[in-house]
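# Geometric and topological summary
Listed here are the chains, written in short residue letters.
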Amino acid sequence: MQDQEHSEEPPSGPPDRPLDHVARIQAEWARERPDLDVRPQAVIGRLHRLGALLTEQLCAVYHRHGLGEGEFDVLAALRRAGAPYERAPGELAAHTMVTTGAMTKRIDRLERDGLVSRRRSAADGRGRVVALTPAGRDLIDQAFGAHMQNERRLLDALSPDEAAQLETLLTTWLAHVEPPQPTP
């Protein structure tokens, strides 16, 4: 059995505020499994829930531009590449953290919609290159501007100092979970 420190009730926040979703779950687990330390849920559970809620808010902007999250990611990765706004499919997959099979489906949809084009690589005749079309560049420029406004709106729930502290904490934590890679 774990020590008494782990059987404490999870913090419920200020007494005048109702419990949020995660605090209610913690309280139930603390009641049912007082032998387990459920305090990590206070952070992990809230990050998980916040991530899902933020994704909904972000995707709403993508949808207003006729894009899904995956299509937005591909167009953004191409735009970030700089002129001539192209990358190999494998490079796109690495930049968007999806499999090459999933990338092929995304590229197919974007090509069908006239937002990207595919051609053989000049450097490697067997390879392919995916490039933004002028319509794709216009769309991602509009969508990314709206995306940044939306992110600002979401982050404005925190003070500038709180946002800076959160950025520092998340950067530190992420570096432990996913060590930064050197820039090529």
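Just above sits the structure.
Conventions used here
- All chains use their own residue numbering, which begins from 1 and follows the written sequence.
- Where totals are concerned, whole chains, interfaces and linings use all residues; where local detail is concerned, this predicted model gives features only for residues with pLDDT of at least 70, and gives and counts side-chain atom pairs only at 80 or more.
- Water and hydrogen atoms were dropped before computing side-chain values, which therefore reflect all heavy atoms in the structure.
- Only DSSP runs of H or I reaching four residues or more are called helices, and only runs of E reaching two or more are called strands; each is numbered from the N terminus.
- Any pair of residues with heavy atoms lying within 4.5 Å of one another is described as a contacting pair.
- Interaxial angles span 0 to 180 degrees and are taken between N-to-C directions of axes, which are lines fitted to C-alpha atoms, for helices over the stretch in contact.
- Each angle receives one of four descriptions, namely roughly parallel if under 35 degrees, roughly antiparallel if over 145, roughly perpendicular if within 65 to 115, and oblique otherwise.
- Note on convention: near helix rotated counterclockwise from far helix by under a right angle means a left-handed crossing. Clockwise means right-handed.
- Here the term charged refers only to Asp, Glu, Lys and Arg, the term nonpolar to Ala, Val, Leu, Ile, Met, Phe, Trp, Tyr, Cys and Pro, and the term polar to all other amino acids, Gly among them.
- Nonpolar cores were defined as sets of buried Ala, Val, Leu, Ile, Met, Phe, Trp, Tyr and Cys residues, with membership established by side-chain atoms within 4.5 Å.
- Partly exposed describes any residue whose relative accessible area lies between the buried limit of under 20% and the exposed limit of over 50%, with all areas from a 1.4 Å probe on protein chains only and scaled to the type maximum.
- Salt bridge, as used here, is a side-chain nitrogen of Lys or Arg placed within 4 Å of a carboxyl oxygen of Asp or Glu.

### A word on the environment of Val129
- Structurally, the position occupied by Val129 is in strand E3 (residues 128-132).
- Sequence-distant contacts of Val129, that is, excluding residues within four places in its chain, are made with Glu86, Arg87, Ser117, Arg118, Arg119 and Ser121.

### Here we look at the packing of helix H2 (residues 40-64) against helix H6 (residues 134-155)
- Packing of H2 against H6 leaves a shortest axis separation of 9 Å and a crossing angle of 150°. Overall, the two elements H2 and H6 adopt an arrangement that is roughly antiparallel. At the point where H2 passes H6, the crossing takes the right-handed sense. Note on element contacts: H6 touches H2 through Ala143, Ala146, His147, Asn150, Glu151, Arg153 and Leu154, opposite Leu54, Gln57, Leu58, Val61 and Tyr62.
- Among the residues forming the contact of H2 with H6, the class breakdown is seven nonpolar, three polar and two charged.

### Let's talk about the nonpolar core
- In terms of nonpolar packing, the biggest core is built from 23 residues, with Leu67, Leu75 and Leu92 touching the most fellow members.
- Per-element tally for this core: the top contributor is helix H3 (residues 69-80), with six residues.
- In this view, Leu92 contacts Val74, Ala77, Leu78, Arg87, Met103, Ile107 and Val130; residues no more than four positions away in its chain are not counted.

### Focus: the pattern of salt bridges
- On inspection of all chains with the given rule, the structure shows 13 salt bridges.
- Residue Glu91 is joined to Arg87 by a salt bridge in which the shortest nitrogen-to-oxygen separation is 3.1 Å.
- Arg112 is paired through a salt bridge with Asp113; the nearest N and O atoms lie 3.4 Å apart.
- Looking at Arg112, the relative accessible area reads 61%, which means it is exposed.

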